[in-house]
Amino acid sequence: MLRLFKKILTTGVVTEPAKAPRDEELEQLGIEIKKHIDRKFAGSIAIREVDAGSCNGCELEIHALNNPFHDIERFGIHFVASPRHADVLLVTGPVSRHMQTALLRTYEATPNPKWVIAAGDCAACGGEFGVSYACCGAVSNVIPVDMAIPGCPPTPLALMQGLLGLMRSQK
Amino acid sequence: MSYSNSSWKVDFLKRANEAGITVEQIHNGPASLWQIVGSDWQRFAELALQQNLRWAAGWAEQHQEWFLINACFEREGRYVLLRTRVHNPKPELPSQATVYPAASRSERHTQDMFGLNFVGHPDNRPWTRHKAWPKNSYPLRKDFPVQGEPEAVTPPDKDYPFVKAYGAGVYEIPVGPVHAGIIEPGHFRFQAVGETILNLEERLGYVHKGIEKIAEGRTPEQLARLAGRVSGDTTVGHCWAACMAMEQAADLSIPPRAALIRGILAERERVANHLGDMGAICNDVGFAFAQMQFTRLRELWLRCNAQLFGHRLLMDRIVPGGVACDVSGQAGIAIKRGIAQLKVELREILPALDLNSSLEDRLYTAGFLSEDTAAAFGALGFVGRASGQDFDVRRDAPYAPYDRLTVKVPVETQGDIASRFWVRHKEINVALKLIGEFIDLLPPGDLRSDWKMPAAGREGLGIVEGWRGEIITYVRFDAGNTIARFYPRDPSLLNWPVLEKLVLDNIVPDFPVCNKSVNGSYSGNDL
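Residues numbered from 1 in each chain as written. Chains lettered and ligands numbered in written order. Predicted model: local features only at pLDDT ≥ 70, side-chain atom pairs only at ≥ 80, totals over all residues.

Chemist: Honestly, the overall build of chain A in this entry has me stumped. Any pointers?
Modeler: Of the regular secondary structure elements, chain A holds six helices and five strands. Ordering the α and β elements of chain A from the N terminus gives α-α-β-α-β-β-α-β-α-β-α. A burial count over chain A gives 50% of its 171 residues as buried. Taking all contacts inside chain A whose residues are at least 6 apart in sequence as the whole, residues at least 24 apart take part in 76%. (Helix = DSSP H or I, 4+ residues; strand = E, 2+ residues; numbered from the N terminus. Buried ≥ 20, exposed ≤ 12 C-beta atoms within 10 Å, placed from the backbone. Contact = placed C-beta atoms within 7 Å.)

What follows is the structure in structure tokens.
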């Protein structure tokens, strides 16, 4: 137990840029996101992530939003387990046809007002997979999309930028 | 390079002959290509099992009126590619799944995609096909257009006949395809009594993207990009296997510098994924300290990737003929500095975990996979190696650059979640050592060989040790430098079925940690 506490204490707070001002951009961005969230959702926004056929690359980077460097929850943005708790659906993948109904049902289950973000090239435009017997292509071919974040996969920074973009477009 | 039949192959051919199975030896490449008649397909498998061959992969391809069916076997690091031909319009073949459970889902996939009937298959339900295409049409046949004829909205596959359990107090829990976490989609059907899992059935195929179909007609560069997206966490592994297969087909050797850089990339991918998994395993039993520490280390590692290689996950760094990135002397120093730093951190964190009794309580004995079950299902990578399966392509069938040095392969027989955790840790140490050695070996020279267009019909088999285990990728070329057939066999195909076994008699709330300890790829499985 002592080792554990020692490691926690010696690691300190790595969340940027409180200790590391190099990624100042990130903090700027986060603060701006929070301002917009405050206006729309009283300080908090709940995101339900839906993998609709992604290769899992986007999921890895979305995970990284929750690591101690990015710690996206400090801005009031958190990931929830059910679409019924969500304000935003963050959808990845070229919508495999086998996931089409599941995505539609998830969309239906999300209460209004809701926003949809298509994250990654596949979700934004079909990416490497496009439209085929197995894929519907871009998420916007299946449900209304408010915002697309390109990238293969988008970096955590790009994902935060995308969230900001969504808030702006809602003004 | 010359290849000859190693001792077990000579002996095996003799036994096959005695059993009345005529084996036509087509060639002895890195994998010997043997052809038999279709009626001997199952009997060959019986002999293979008796002779301790491991069933490793299976796929088909269409040539006009004929189907070629392939099965890949391995023993002592030597591979055999077994092939037979069956004729359309009523293609059928005796099933090997009756002999090798590992072949079951692969044969079901081939049935769904080609309409080949495996006679006597113990489980003839569809696997990859849900409702995106009709029952009697087969996407990988040449007359099936890549666009298909999909409905506006593909209906859910709600009539799949799951195994049922009856009895007082038995209940069923359906989970997915959309899960609670940020993970890939798939369906799990539990039968439970109280908290104890009586049976688990996986229903995958939700992220089927038609990868094999849309690969057809691509150029080598385009195929490498697609292969890098078979499973995003294994982008280096799959891209390497596909490029190796294409280079074999084109009879192209890559510069030694490129091979070493590929090795560095693959080991960096292994370390990044193992770090993520070790944190996530602890997180699934509510131990946030480890999750925070390991995600921090992973982020540092990925930032180093972005800085030195231009991509956090290392996508598209491997290209046909070589690599698209270099490791300068300065970069080599930076990588070594990162390794030294990671080692110091791990030395501080791991004792804190090892001595934590609440973590021990949850990880030891949970999710036990016996050596026998692991062997029967051909479990690969750290899942197999935590259950006594002493196999690693890098050591047992070494390819450049691993053929230049010794690869230590950690093996345990404990078979539980803790073992899969600690095997990952040992593999990180091995990988860190390898990266350092590769950097020291880096000679000056080219990063890429000029591509040579392979003749129509040329084929190649790329076999590499991805971070999850052995990846087998088959490629055949058409005329004009285009791909006729691409089949990547992700290790997850063989590791998913063992998850159904290792959760038995565990409690339902332990399923997430059991699942994470295996961490199969949904995308790599569904293709």
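Chemist: Got a minute to help me understand the packing of helix α7 (residues 256–283) of chain B against helix α14 (residues 417–441) of chain B in this structure?
Modeler: The packing of two helices is summarised by the inter-axis angle and the distance between the axes. All names here are of chain B. Running from amino to carboxyl end, α7 crosses α14 at an angle of 155°, the nearest separation of the two axes being 9 Å. Considering the angle they form, α7 stands roughly antiparallel to α14. The element α7 and its partner α14 pack so that their crossing is left-handed. (Axes fitted to C-alpha atoms, helices over the stretch in contact; angles between N-to-C directions. Parallel < 35°, antiparallel > 145°, perpendicular 65-115°, else oblique. Left-handed = near helix turned anticlockwise from the far one by under 90°.)

Chemist: Can you help me understand helix α5 (residues 220–227) of chain B in this one?
Modeler: In an α-helix, one turn spans 3.6 residues, which is why side chains three or four residues apart end up on the same side. Residue and element names in this part refer to chain B. Restricting attention to buried positions, one finds in α5 the residues Pro220, Leu223, Ala224, Leu226 and Ala227. One face of α5 carries all of its buried residues, which in axial projection span an arc of 165°. On its buried side, α5 packs onto α4 (211–215), α6 (235–249), β11 (318–319) and β15 (483–489). (Arc of directions from axis to C-beta.)

Chemist: Looking at this structure, I do not really get the pairing of β15(B). What am I missing?
Modeler: Two faces, one strand: in a regular strand the side chains alternate between the faces of the sheet. All names here are of chain B. Where burial is concerned, most of β15 is hidden: seven out of the seven residues are buried. Summarising the sheet, strand β14 (residues 469–477) and β15 pair through six bridges and their orientation is antiparallel. In the sheet register, Thr473 faces β15, and the bridge partner there is Pro488. Between β14 and β15, which follow one another and run antiparallel, lie five residues, and Gly480 among them has a positive phi close to 75°. (Pairing = 2+ DSSP bridges.)

Chemist: Help me out: how do you make sense of the environment of Cys243(B) in this one?
Modeler: Residues and elements named next belong to chain B. Along the chain, Cys243 falls in helix α6. Of the residues examined, Cys243 has 31 C-beta atoms within 10 Å and is grouped as buried. When the C-alpha atoms of Cys243 and Ile318 are compared, they prove to be 7.7 Å apart, with 75 residues separating the residues in sequence. Look past the residues within four positions of Cys243 in its chain and what remains in contact with it is Ala224, Ile318, Val319 and Pro320.

Chemist: Help me understand the confidence of the model for chain A, please; the structure alone is not making it clear to me.
Modeler: Detail in the predicted coordinates should be disregarded across regions flagged by low pLDDT. Of all residues in chain A, 80% attain a pLDDT of 70 or more, and the chain-wide mean is 83. Between residues 18–22 of chain A, whose pLDDT stays under 50, and residues either more than four places distant or in other chains, the model counts five contacts. (pLDDT = per-residue confidence, 0-100.)

Chemist: What should I look at first to understand unusual backbone geometry in this one?
Modeler: Across the chain, the bulk of peptide bonds are trans and the bulk of non-glycine residues have phi less than zero. With an omega of -5°, the peptide bond between Asn112(A) and Pro113(A) qualifies as cis. For Pro113(A), the location among the structural elements is in the loop between α4 (97–109) and β4 (115–119). Between Cys152(A) and Pro153(A) the backbone carries a cis peptide bond, its omega angle lying at -15°. Here Pro153(A) lies in the loop between β5 (147–149) and α6 (156–169). With a phi close to 35°, Asp71(A) is a non-glycine residue in the positive phi region. On the secondary structure map, Asp71(A) appears in the loop between α3 (57–64) and β2 (77–79). Using a count of 17 C-beta atoms within 10 Å as the deciding quantity, one classes Asp71(A) as partly exposed. The phi dihedral of Asn52(B) is positive, around 65°, even though this residue is not glycine. Its place among the elements puts Asn52(B) in the loop between α2 (41–50) and β3 (54–63).

Chemist: Just to check I follow, could you spell out the sheet that holds strand β2 (residues 31–35) of chain B for this structure?
Modeler: By way of backbone hydrogen bonds, the strands of a sheet pair with one another, either parallel or antiparallel. All names here are of chain B. Taken in spatial order, the five strands of this open sheet run β1-β2-β5-β4-β3, and their pairing is mixed. Taken across any chain shown, the strands that pair with only one partner, and hence form the sheet edges, are β1 (24–28) and β3. Ignoring which end each strand starts from, the neighbouring axes of this sheet average 20° apart. Bridging between β3 and strand β4 (residues 66–75) involves nine bridges; their strand directions are antiparallel.

Chemist: Can you help me understand the sheet that holds strand β13 (residues 459–466) of chain B in this one?
Modeler: All names here are of chain B. A sheet is described by the order of its strands in space; here three strands give the open sequence β13-β14-β15, paired in antiparallel fashion. The open sheet terminates on both sides in strands that have one partner only, identified here as β13 and β15. Along the sheet, successive strands turn relative to each other by an average axial angle of 15°, direction set aside. On top of the sheet, α6 reaches β13, β14 and β15; it is set at about 150° to β13, its chief contact.

Chemist: Help me understand the domain arrangement of chain B in this model?
Modeler: Size of an interface: often given as the accessible area lost when the parts come together. Residue and element names in this part refer to chain B. In terms of domain boundaries, chain B breaks down into domain 1 (7–119), domain 2 (170–203) and domain 3 (211–526). Each side of the interface is counted separately: domain 1 has 16 residues, and domain 3 has 17 residues. Those elements giving two or more residues to the side of domain 1 that touches domain 3 turn out to be β3, β5 (78–87) and α3 (104–114). Counting residues per element, the side of domain 1 that touches domain 3 draws most heavily on β3, which supplies six residues. Its residues assigned to classes, the side of domain 1 that touches domain 3 shows 11 nonpolar, two polar and three charged. (Domains from an automatic or database assignment. Nonpolar A, V, L, I, M, F, W, Y, C, P; charged D, E, K, R; others polar.)

Chemist: Would you mind showing me how to read the packing of α6(B) against α7(B) here?
Modeler: Residues and elements named next belong to chain B. Between α6 and α7, whose axes approach to 8 Å, the crossing angle comes to 145°. Across the interface between the two elements, Val236, Gly237 and Trp240 of α6 pack against Arg262, Leu265, Ala266 and Glu269 of α7. When the residues that make up the contact of α6 with α7 are grouped by side-chain class, the tally is four nonpolar, one polar and two charged.

Chemist: Help me understand the interface of chain A and chain B, please; the structure alone is not making it clear to me.
Modeler: Each partner contributes to the interface: chain A provides 42 residues, whereas chain B provides 51 residues. If you list the elements that add at least two residues to the side of chain A that touches chain B, you get α1 (2–11), β1 (45–51), α3 and α4 of chain A. With eight residues, α4(A) is the largest single contributor of residues to the side of chain A that touches chain B. When grouped by side-chain class, the residues that make up the side of chain A that touches chain B number 22 nonpolar, 13 polar and seven charged.

Chemist: Looking at this structure, how should I read the confidence of the model for chain B?
Modeler: Per-residue confidence for chain B averages 93 on the pLDDT scale, and 99% of its residues sit at or above 70. Reported for the predicted complex are a pTM of 0.93 and an ipTM of 0.92.

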